[in-house]
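Below are the chains, spelled out letter by letter.
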Amino acid sequence: VSCDTSDYRVDFPKVQRLARFICAQLGVSDYELSISFVDSKTIQELNSEHRGKDSPTDVLSFPQCEFDEPLLSSKKTELAKPSPDQPPKTLGDIIISLNEASQNALKIGQDLDKEVCFLLVHGVLHLCGHDHMEKGEENIMLGEQRKIMDLISDQTEIPLWNDAISSVQEGTL
């Protein structure tokens, strides 16, 4: 996990726990992934370079492996133990713009850390073979997002995303 913007504070251990939980739900807890938090300019450059869209977006996913079918979540939450004989497989990279996430959160009236959690779930689902280009695929992906967000909310009285991300500037959220 890395953060390339000084406008936000990221609790790296909380983000890592959250990512591990999400991956466990999809059966890929023995994979590793990279999560980068960036500003709007950086994500716009990446979006332009990799998707041909010259505008900022909230999240980008870059898978490093392919699955025959999109992976589906389960009620299992145990974490797989990596094999000591082999290095972990790489799931991919997720890039999240905290500026765009903040704007999303303001528009829909939710906390920034919950919005970032949603974007992290969305990104991991993309890494696990999900897409939303066609209506049927979109329905499956949205259902998985809801299911995983509900599982995260149900884990404790305080959701795993609580206080994972915060703005440095008081009063901006």
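Structure shown above.
To start, this report covers the structure provided alongside it. (Residues numbered from 1 in each chain as written. Predicted model: local features only at pLDDT ≥ 70, side-chain atom pairs only at ≥ 80, totals over all residues. Heavy atoms only, no water.)

### Re helix H1 (residues 12–25)
The following threshold applies: The numbering of helices and of strands both runs from the N terminus, where a helix is a DSSP run of H or I of at least 4 residues and a strand a run of E of at least 2. Helices are assigned an expected span. That span is 1.5 Å times one less than the residue count. A simple rule labels every residue: compare its accessible area, found with a 1.4 Å probe on the protein chains alone, to the largest value its type can have, and call it buried under 20%, exposed over 50%, or partly exposed in between. Contact definition: two residues touch when any of their heavy atoms are within 4.5 Å.
A rise of 1.5 Å per residue sets the reference length of H1, with its 14 residues, at 20 Å; its end C-alpha atoms lie 20 Å apart and thus fit the reference within 8%. By the burial criterion, the buried members of H1 are Val-15, Leu-18, Ala-19, Phe-21, Ile-22, Cys-23, Ala-24 and Gln-25. Looking at the buried side of H1, the elements it contacts are strand S2 (8–10), strand S3 (31–38), strand S5 (89–97), helix H4 (112–127), helix H5 (135–154) and strand S6 (165–167). Downstream of H1 by a residue or two, Gly-27 has a phi angle that is positive, lying close to 75°.

### Examining the nonpolar core
Stated formally: Working definition of a nonpolar core: buried Ala, Val, Leu, Ile, Met, Phe, Trp, Tyr and Cys residues. They are joined through side-chain atoms within 4.5 Å.
Counting residues in each nonpolar core, the largest one holds 37 residues, and the members touching the most others are Ile-22, Phe-37, Leu-120, Val-124, Ile-152 and Ile-165. Every element with two or more residues in this core is listed here: S2, H1, S3, S5, helix H3 (98–108), H4 and H5. Tallying contributions element by element places H4 first for this core, with nine residues.

### As for the sheet that holds strand S1 (residues 2–3)
Quick note on the threshold: Pairing between strands is defined by DSSP: at least two bridges between the two strands are required. Between the N-to-C directions of two axes lies an angle of 0 to 180 degrees, each axis being a line fitted to C-alpha atoms and, for a helix, fitted only over the stretch in contact.
Pairing is mixed in the open sheet, where four strands are placed in the order S1-S3-S5-S4. Looking at which strands have only one partner, the edges of the open sheet turn out to be S1 and strand S4 (59–63). Relative to S5, S3 runs parallel, the two being bridged by eight bridges. Opposite Ser-36, over in S5, you have Ile-95 as the bridge partner. Relative to S5, H3 is tilted by about 65°, and along the sheet it contacts S1, S3 and S5.

Coordinates in, geometry out; function isn't part of it.
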